[in-house]
Amino acid sequence: MSETADQLLKKALSLNEQDRASLAGALIESLHAEPEPGAEQAWDAEIERRVKELETQAVETIPWSQVRERLFRGFE
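Residues numbered from 1 in each chain as written. Predicted model: local features only at pLDDT ≥ 70, side-chain atom pairs only at ≥ 80, totals over all residues. Heavy atoms only, no water.

Trainee: Give a detailed account of the overall build of the chain, specifying residues and quantitative values.
Mentor: Helix and strand counts for the chain stand at 4 helices and 0 strands. Listing the helices and strands of the chain from first to last along the sequence gives α-α-α-α. By the compact-globule yardstick of 11 Å for 76 residues, the chain is too spread out, its C-alpha radius of gyration being 20 Å. Its C-alpha atoms put the chain at 55 × 40 × 25 Å along the principal axes. Just so you have it, the chain exposes about 7500 Å², and 56% of that area is on carbon and sulfur atoms. Between the mean site of the 9 positive side-chain charges and the mean site of the 16 negative ones, the chain shows a separation of 7 Å. (Helix = DSSP H or I, 4+ residues; strand = E, 2+ residues; numbered from the N terminus. Rg over C-alpha atoms; globule rule 2.2 N^0.38 Å. Areas by Shrake-Rupley, 256 points an atom, 1.4 Å probe, with all protein chains shown as cover. Lys, Arg positive; Asp, Glu negative; His and termini not counted. Charge placed at Lys NZ, Arg CZ, Asp CG, Glu CD.)

Structure follows, in structure tokens:
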């Protein structure tokens, strides 16, 4: 990290929680490029497809406890 970034980080960490959250959100948002044309529609279609799968029980859900165990296996 550059010296300038390090100085900014120290100042940012001295802010209250709400201001830090707002700043973090603004910084993250600045990293995102404009979405590709059609990307939002594609995500909407994918979400709709997955919801239908859940509603019709075409897929089997996995309890969070099992998902968490799989995710963190080997990290603990």
